[in-house]
Amino acid sequence: MSNATLSDKRPSTLRAASLPKWFSWAVAAASVALGLGISAALGLESSIQWALIAGVLFVAGTFGIAARVEGKRQAKDRVATSVVWVAFLLAVVPLASLVWETVSRGVKVLDTYFLTHSMGVVADTEPGGGIYHAILGTLEQVGLATLISVPIGVLTAIYLVEYGRGKLAKAVTFFVDVMTGVPSIVAGLFILSTWILILDMGPSGFAGAMALTILMLPVVVRSTEEMLKLVPNELREASLALGVPKWRTILKVVLPTAIGGITTGVMLAVARIAGETAPVLLLVWGSNFINTNPFSDPQASLPMYIYLQYANSGGSGAAYDRAWAAALTLIAFIMILNLAARGIARWKAPKTGR
Amino acid sequence: MDISTTKDTPLPSTPPPPAAEEKRAARGATRPGDRIFLGLSRGSGIFLLAIMAAIAVFLSYRAVLAIGKDEGNFFTTFEWNPTGNPPVFGIAVLAFGTIVSSIIAMAIAVPVAVGIALFITHYAPRKLGGPIAYVVDLLAAVPSIVYGLWGALVLVPQLDGLYGWLNDYLGWTGIFEWQGGAPRSMLTVGILLAIMILPIITNVSREVFRQVPQMHEEAALALGATRWEVIRMAVLPFGRSGVISASMLGLGRALGETMAVAMVLSSSFEINLSLLDPGGGTFAQNIASKFSEATEMGRDALIASGLVLFVITLLVNGAARLIIARRKEFSGANA
């Protein structure tokens, strides 16, 4: 800063020379125009070409001019700022496109007929049909997985927070972390190797639910653990001081205090497993018919439906339309769960003791 | 109930010192209700460990069955024919494809994610930062099958231009040579994976950047540092290990991603040095695409490849967790 002030022609001012606010925009506009001009003059067709030229011009222009007027350090700052902005805009494009394409292509066939009919009598390449069987399958598989993993997950978290000290607790903590990273296809393969290959059971919604349980457990444990840690110790001590046994303290004082956060965690975990395809592909197989019994025979599920519509479509537009509509339904389901979970978290946030 | 249970262990008249209380809690109390409850919760923890052990044991068991019958070398064979006579299969192609696609994904995603995280915490107008962070959070929840559908039907047709350009200007390197086929190649997979892991890396990095002590930043600013210098000298050094572990978490996802890769890649069992030409495969993708027509031997072979994937992701995630654990200040890795 001092260098810039000294080299400045007006030593009386304390502020270094600075470029006007519109400077970056002007350089950007100029470099885009130049980029377009150069590629037009050289006859380059690719849009990547002029964008690249414009980008190089922009960085060089910003740095050059700012370095002359404001000094080198300010120039670096300006370049860094534009790089960060570009990184952000670069990421917005595909993510916005994903949301936009899913919504705009999904609404085409999404209506009550679509939601209440199965694919039973419709060939994959024909228009018509719906996702009723898939919604049913998803709800049953996810419901079963939730039923298994919530009690085990919450109890594990209670063990870690309320009882756990020593080697076992450390091991559990570490492996819960590691379990979060188990790929869904590996969870599927595990159930495949035991339930189907060794116990010789057929594909069923329950087999899928077991694999989903493996994916859901660590998430439930982690979020419950975080929530239980937030429960102020004074509450526990007050309850214990009244002579309430520890287990009743946990059930009647600790859990009710943290229940909002635990619900949030469970809902986020449900949202995570509702979109899993790989275990369903290996263990439930997918189906075009309504199968209300999750304990035998193949069943459909929303993500599996999307995959089957995509894979078996033979390039037919009708199947793609259905796939997009199912994708929109799935995203809507997951987003509603997410938003509701966050709402509950905010509404029932445990009061942290102070 | 209360009275009957409290009778068993009379409460000490004075509150016990914390150390003694801890000991008692660890041993579990003597009341039957407490003992049952402790048993249940400890049992759940042990059950969780048992699952992890069972995954390793059963996958290894089936894998050993398969590899025992494998006539080729499991690690170096460029072929996948477990039902042939004799059965020959190996994971060389899958390992190559998995590593290449993950490297591409990381090379694209990490810098961009760090950029977005910095944007949210340090550059965006205050009113914008919160909502953007929220939206990125939500995007992390979009299921991979939807990314796959989008990748196959929207992204792939868009990439012709980029591939043509890369071939024109960088084709001489051999890596970016393009024969003109549909752009369903390793580069496409890498780009799609990068988009998929962007939200998670951004989220974790953002959390770390937010925890940079305000004092450090203000001290730098007071010394006359520009915003970039604050970031380079105060924010990035503080957040480095957080960014590394965030990247490892993203890498873990990219390695195990199944459906999106299976939908986008046009796979084959060969190692293709050009990133633009279709071919190759990844562990997870191979399992998903070969599963439906696999016999029992075929399934065992797929399980063997799944075991390798399991071990790799275990190592990557374990390393990420160890880095996180070394920094006690940092929490919230499971956004």
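Residues numbered from 1 in each chain as written. Chains lettered and ligands numbered in written order. Predicted model: local features only at pLDDT ≥ 70, side-chain atom pairs only at ≥ 80, totals over all residues. Heavy atoms only, no water.

A. Layout of the overall build of chain B. Check the secondary structure of chain B and you find 13 helices and two strands. Buried residues in chain B amount to 56% of all 335 residues. Long-range pairs, those at least 24 residues apart, make up 73% of the contacts in chain B with a sequence separation of at least 6. Of the roughly 14600 Å² that chain B leaves accessible, carbon and sulfur atoms contribute 64%. (Helix = DSSP H or I, 4+ residues; strand = E, 2+ residues; numbered from the N terminus. Buried < 20%, exposed > 50% of the residue type's maximum accessible area, 1.4 Å probe, protein only. Contact = heavy atoms within 4.5 Å. Areas by Shrake-Rupley, 256 points an atom, 1.4 Å probe, with all protein chains shown as cover.)

B. Summary view of the overall build of chain A. Helix and strand content of chain A: 14 helices and zero strands. Ordering the α and β elements of chain A from the N terminus gives α-α-α-α-α-α-α-α-α-α-α-α-α-α. For 354 residues, the compact-globule estimate of 2.2 N^0.38 gives 20 Å, and the C-alpha radius of gyration of chain A, at 29 Å, exceeds that figure by more than 25%. Dimensions of chain A, computed from the C-alpha atoms along their principal axes, are close to 80 × 70 × 40 Å. Looking at chain A residue by residue over its 354 residues, the buried ones come to 52%. Long-range contacts, defined here as pairs at least 24 residues apart, represent 72% of the contacts in chain A between residues at least 6 apart. As presented, chain A carries roughly 16300 Å² of accessible surface, and 68% of it is formed by carbon and sulfur atoms. Here chain A contributes 27 positively and 19 negatively charged side chains, and the mean placements of these two sets differ by 16 Å. (Rg over C-alpha atoms; globule rule 2.2 N^0.38 Å. Lys, Arg positive; Asp, Glu negative; His and termini not counted. Charge placed at Lys NZ, Arg CZ, Asp CG, Glu CD.)

C. The arrangement of the pattern of salt bridges in detail. All names here are of chain A. Inspection of every chain in the model, using the stated rule, returns 13 salt bridges over all chains. Residue R236 pairs with E162 through a salt bridge whose shortest N-O separation is 2.9 Å. Within this pair, whereas R236 is found in helix α10 (residues 233-241), its partner E162 is found in helix α6 (residues 132-163), the two being separated by 74 residues in sequence. A relative accessible area of 11% means that R236 is categorised as buried. (Salt bridge = Lys/Arg side-chain N within 4 Å of Asp/Glu carboxyl O.)

D. The domain arrangement of chain B, seen in detail. Residue and element names in this part refer to chain B. Splitting chain B by domain gives domain 1 (2-69) and domain 2 (90-326). In this structure, domain 1 and domain 2 have C-alpha centres spaced 38 Å apart. Summed over both sides, the interface between domain 1 and domain 2 buries roughly 830 Å², with carbon and sulfur atoms accounting for 78% of that surface. Counting across the interface, domain 1 meets domain 2 through two salt bridges. For D300, the salt bridge goes to R62, with nearest N and O atoms at 2.9 Å. Joining domain 1 to domain 2, the criterion identifies two residue pairs in polar contact (both at pLDDT 80 or more). (Domains from an automatic or database assignment. Buried area = accessible area lost by both parts, 1.4 Å probe. Polar contact = N/O pair within 3.5 Å; in protein donor to acceptor, adjacent residues only side chain to side chain.)

E. Geometry of the domain arrangement of chain A. Residue and element names in this part refer to chain A. Assigned domains within chain A: domain 1 (2-105) and domain 2 (132-347). The C-alpha-based centres of domain 1 and domain 2 are spaced at 46 Å. Taken together, the contact between domain 1 and domain 2 spans four residues of the former and four residues of the latter. When the two sides are added together, the surface that domain 1 and domain 2 hide from each other amounts to roughly 440 Å², 75% of it contributed by carbon and sulfur. Its largest share of buried area at the contact with domain 2, domain 1 owes to T102, V103 and R105, together 91% of the area lost on that side. Taken together, the connections running from domain 1 to domain 2 amount to zero salt bridges. Where domain 1 meets domain 2, there are zero residue pairs in polar contact (both at pLDDT 80 or more). For the side of domain 1 that touches domain 2, the class distribution of residues is one nonpolar, one polar and two charged. (Nonpolar A, V, L, I, M, F, W, Y, C, P; charged D, E, K, R; others polar.)

F. How the structure looks around the interface of chain A and chain B. Counting from both sides, the interface comprises 90 residues of chain A and, opposite them, 89 residues of chain B. Buried surface at the junction of chain A and chain B, summed over both partners, amounts to about 8200 Å²; 78% is from carbon and sulfur atoms. If you sort the residues of chain A by the area they bury against chain B, A:L98, A:W247 and A:Y310 come out on top, with a joint share of 8%. Broken down by element, the side of chain A that touches chain B gets its largest block of residues, 20 residues, from helix α4 (residues 72-106) of chain A. Within the side of chain A that touches chain B, the residues separate by chemical class into 64 nonpolar, 15 polar and 11 charged.

G. Just the packing of aromatic side chains, in detail. Evaluation of the coordinates by the stated rule reveals 13 aromatic pairs over all chains. Seen from their ring centres, A:W85 and B:F119 are 4.7 Å apart, and the 80° between their planes marks the pair as edge-to-face. With A:W85 in helix α4 and B:F119 in helix α4 (residues 92-123), this residue pair bridges two chains. For B:F119, a relative accessible area of 0% corresponds to the buried category. Between the aromatic rings of A:F88 and B:F119, the centroid separation amounts to 4.1 Å while the plane-to-plane angle is 10°, which identifies the pairing as stacked. On the criterion of chain membership, the pair formed by A:F88 in helix α4 and B:F119 in helix α4 is interchain, its members lying in two chains. Within the aromatic cluster, the residues linked to one another by ring pairs are B:F74, B:F75, B:W80, B:F89 and B:F269. (Phe/Tyr/Trp six-rings, centres within 6.5 Å; stacked < 30°, edge-to-face > 60°.)

H. Broad picture of α6(A). Between its terminal C-alpha atoms α6(A) stretches 45 Å, which fits the 46 Å expected from 32 residues at 1.5 Å a residue. Along α6(A), the sharpest kink reaches roughly 30°, centred on A:S149 and followed within four residues by the proline A:P151. (Expected span 1.5 Å × (residues − 1). Bend = angle between axes of the 7 residues up to and from the residue.)

I. A look at unusual backbone geometry. Cis geometry is found at the peptide bond from B:N85 to B:P86, where omega equals 0°. Structurally, the position occupied by B:P86 is in the loop between β1 (80-81) and β2 (88-89). In the Ramachandran plot, A:W285 falls in the positive-phi region, its phi being about 75° despite a non-glycine side chain. Of note, A:W285 is situated in the loop between α12 (278-283) and α13 (302-311). We classify A:W285 as partly exposed; its relative accessible area is 39%. With a phi close to 70°, A:D297 is a non-glycine residue in the positive phi region. Along the chain, A:D297 turns up in the loop between α12 and α13. The class for A:D297 is partly exposed, based on a relative accessible area of 48%.

J. Looking closely at the packing of α13(A) against helix α6 (residues 144-158) of chain B. Between α13(A) and α6(B), the shortest axis-to-axis distance is 10 Å and the interhelical angle comes to 20°. In terms of their interaxial angle, α13(A) and α6(B) are classed as roughly parallel. Like other packed secondary-structure pairs, α13(A) and α6(B) cross with a definite hand, here left-handed. Along the contact surface, α13(A) presents A:P303, A:I306, A:Y307 and A:Y310, while α6(B) presents B:I145, B:L149, B:A152 and B:L153. Of the residues that constitute the contact of α13(A) with α6(B), the class distribution is eight nonpolar, no polar and no charged. (Axes fitted to C-alpha atoms, helices over the stretch in contact; angles between N-to-C directions. Parallel < 35°, antiparallel > 145°, perpendicular 65-115°, else oblique. Left-handed = near helix turned anticlockwise from the far one by under 90°.)

K. Fine view of the nonpolar core. Among the nonpolar cores identified, the biggest contains 196 residues, and A:I185, A:I191, A:L283, B:I55 and B:L149 are the most heavily contacted of them. Residues within four places of A:I185 in sequence aside, it is in contact with A:A278, A:L282, B:G256, B:T258, B:A284, B:I287, B:A288 and B:L309. One finds A:L19, A:V27, A:F58 and A:A66 within the second-largest nonpolar core, a separate group that totals six residues. (Core = buried A, V, L, I, M, F, W, Y, C linked by side-chain atoms within 4.5 Å.)

L. A look at the environment of A:A269. Residues and elements named next belong to chain A. Its place among the elements puts A269 in helix α11 (residues 246-274). The exposure class of A269 is buried, given its relative accessible area of 0%. Each C-alpha atom of the pair A269 and V150 lies 9.8 Å from the other, and the pair is 119 residues apart in sequence. The contact partners of A269, leaving out residues within four places of it in the chain, are M216, V219 and V220.

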